Structure formats: structure tokens, C-alpha cells
Amino acid sequence: MGTSLETLAQDNREQLAALQERIGYRFRDVRLLQQALIHSSFAFERMKSPRHNETLEFLGDAVLDLALGHLLFTRFPEMREGKLSKIRASLVNETGLAEMARAIGLGGHMLLGHGEHSSGGEEKSSILSCAYEAMLGALFLDGGFDEAQAFVRRWFEPLIERPHIELLATDAKSGLQEVLQEQYNEGPSYVLEEEIGPAHARVFTVSVRFRAETMGTGTASSKKEAEQRAARAALDRLNAEDH
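None of the values given here were measured: they were computed from a predicted structure. (Residues numbered from 1 in each chain as written. Predicted model: local features only at pLDDT ≥ 70, side-chain atom pairs only at ≥ 80, totals over all residues. Heavy atoms only, no water.)

Below, the discussion takes up the pattern of salt bridges. It is possible for side chains of opposite charge to pair when their charged atoms get near one another. For the coordinates displayed, the defined rule picks out 14 salt bridges. With a shortest N-O distance of 3.2 Å, R153 and E157 are connected by a salt bridge. Of this pair, R153 and E157 both sit in helix 10 (residues 145-160), 4 residues apart, roughly one helical turn. Residue classification places R153 among the partly exposed residues on the basis of a relative accessible area of 32%. (Salt bridge = Lys/Arg side-chain N within 4 Å of Asp/Glu carboxyl O. Helix = DSSP H or I, 4+ residues; strand = E, 2+ residues; numbered from the N terminus. Buried < 20%, exposed > 50% of the residue type's maximum accessible area, 1.4 Å probe, protein only.)

Written out as C-alpha cells, the structure reads:
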């Protein structure tokens, strides 16, 4: 017989209270925060009804885009749309959001199915970044957009004070696209070379190609991160050739 969201929130109330202290927001309905921390693998294995964090992630992604867009618009009123979009993309890619999740210890609160837990799912960037967006979606439902925007401002504003070049460099795919478009007026393509492992512990290898030449490869637990690593390898190669 599976457990319920209400039971989980009650059983984990001390851990959830500690997490709320770290993020600087107190939930009116702590069940929303609990749901943001439930991976689908846990829900299908252990719960009466599969209430997990994927729909909250969908909502949080939209909230984050709007809140960050507003923050960047007010911080850089003279900047062109293209550069604003690149800065936002560099902040909300899988790697960046996973680092934000690690900064607040989100992995230690994740509820994972047996397979994901045994394969170290609480440290996977794909799972952490999704959970971070789900948490923001839960915060939006609990407190409204003003509270969500205040949260985004508090955690992301220090990052946008960094030099723009450093920000853009964190999004390797955008950086590589920009370099190749500027020099050749063409962009790269990404090819999935290999996909191995069981469903709960997939490993992807992706190559980035330009004019039929492989410029770099990357391997990770998600296709998005593998593409970022491939792009980063290509940028490293281009930099080395320039020097």
C-alpha cells in the first residue's frame, strides 16, 4: 500500500523546515514543497497516486523565465534583446540550475525510486535542475508571483553582476553558436552518438559537428548536459587553435 503526499510532508517536516530556512521562504502549504522534491521514480514505486514534481517543474520553468527576464530588463535597460536572451539562457541551463540546487542542498531532500537512488540520482544535474524549477513552481503556487520574483532576485541578482562575457561563457552551446555564426555565418549540429544504461541511469554521448567535422564530444546523464560538454570541448579546441 503506497504512501500519500500528506504523510510524506508530515514525516519529513523537520527536513522541510530546514530547507525553508536555507531558501529564505516559509511555505503556507508545505505539501507543495514536498511534491517538488518527489521524483517520478519514487512516486510510481511508493505512492498511492503518482504525484511527483514534473508538472511543478513545467510551471517553475515559466516562472523563472519571466522573473529573470524582468530582472535583466530592469538591470540592463539599454541592452539588446539578443544579449539579454543569451544571459538568461546562461543562467537557466541545466548545469547552472543544478549548481543552484547544490548550493541549497536540494539533493539531500530528494525522494527517488530504488534505481535512481542506487545510481546516485541525488547528484545528477538533470534531476537537480528539474527539482529546482519544481521548487520555484511550488513557491509560486504558495505565495504568488511577487514572492517567486523576490526569491529569484535574491538568488540570481548576485550572478548577473558578473561580467557578461563570463555569464555567456557558462552556456557553451550559445557561445559556440555565436563564434561560428560570426566567423562562418553557419551554426553547428549535435548528434547523439550513444545511449547506454538502464532507463533509470541512462548515459548519453553527443558529438558536435561543423561542416562534417567532429569538433568535440561530451558524455553525461542527460542529452542537454552532454551537448553542453561537447560544445565546451569544441570551444576549448577553437581557443587552443587560436593560440
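Having seen the model, we can carry on.
Counting residues in each nonpolar core, the largest one holds 45 residues, and the members touching the most others are L106, Y132, M135 and F156. Take this core: its biggest share by element is 9 residues, from helix 9 (residues 125-143). Setting aside anything within four residues of it in sequence, one finds L106 in contact with L19, L37, A101, L128, A131, Y132 and M135. Counting residues in each nonpolar core, the second largest holds 11 residues, with A172, L176, A230 and A234 among its members. (Core = buried A, V, L, I, M, F, W, Y, C linked by side-chain atoms within 4.5 Å. Contact = heavy atoms within 4.5 Å.)

Tracing the backbone shows R26 in the loop between helix 2 (13-23) and helix 3 (30-36). Sequence-wise, R26 and D142 are 116 residues apart; in three dimensions their C-alpha atoms are separated by 9.5 Å. Residues within four places of R26 in sequence aside, it is in contact with A17, Q20, E21 and D142. For R26, the side chain forms a polar contact with the side chain of E21, separated by 2.9 Å. (Polar contact = N/O pair within 3.5 Å; in protein donor to acceptor, adjacent residues only side chain to side chain.)

Attention now moves to the side chain of S126. By the element assignment, S126 lies in helix 9. Not counting residues up to four positions away in its chain, the partners in contact with S126 are E94, S221 and S222.

According to the stated counting rule, one finds 5 aromatic pairs in the structure shown. When the ring of Y132 is compared with that of F151, the centres are 6.2 Å apart and the planes differ by 40 degrees; the resulting orientation is tilted. Here F151 lies in helix 10 and Y132 lies in helix 9, a separation of 19 residues in the sequence. Neither residue differs from the other here; Y132 and F151 are each classed as buried. With a centroid separation of 6.4 Å and an interplanar angle of 75 degrees, the aromatic rings of Y132 and F156 are classed as edge-to-face. Placement of Y132 in helix 9 and of F156 in helix 10 is noted, with a sequence separation of 24 residues between them. The same class applies to Y132 as to F156, namely buried. Through successive ring pairs, a cluster of aromatic residues spans Y132, F151, W155 and F156. Its end group placed over the ring of Y190, K173 keeps NZ or CZ at 4.7 Å from the ring centre. (Phe/Tyr/Trp six-rings, centres within 6.5 Å; stacked < 30°, edge-to-face > 60°. Lys NZ or Arg CZ within 6 Å of the ring centre and 35° of its normal.)

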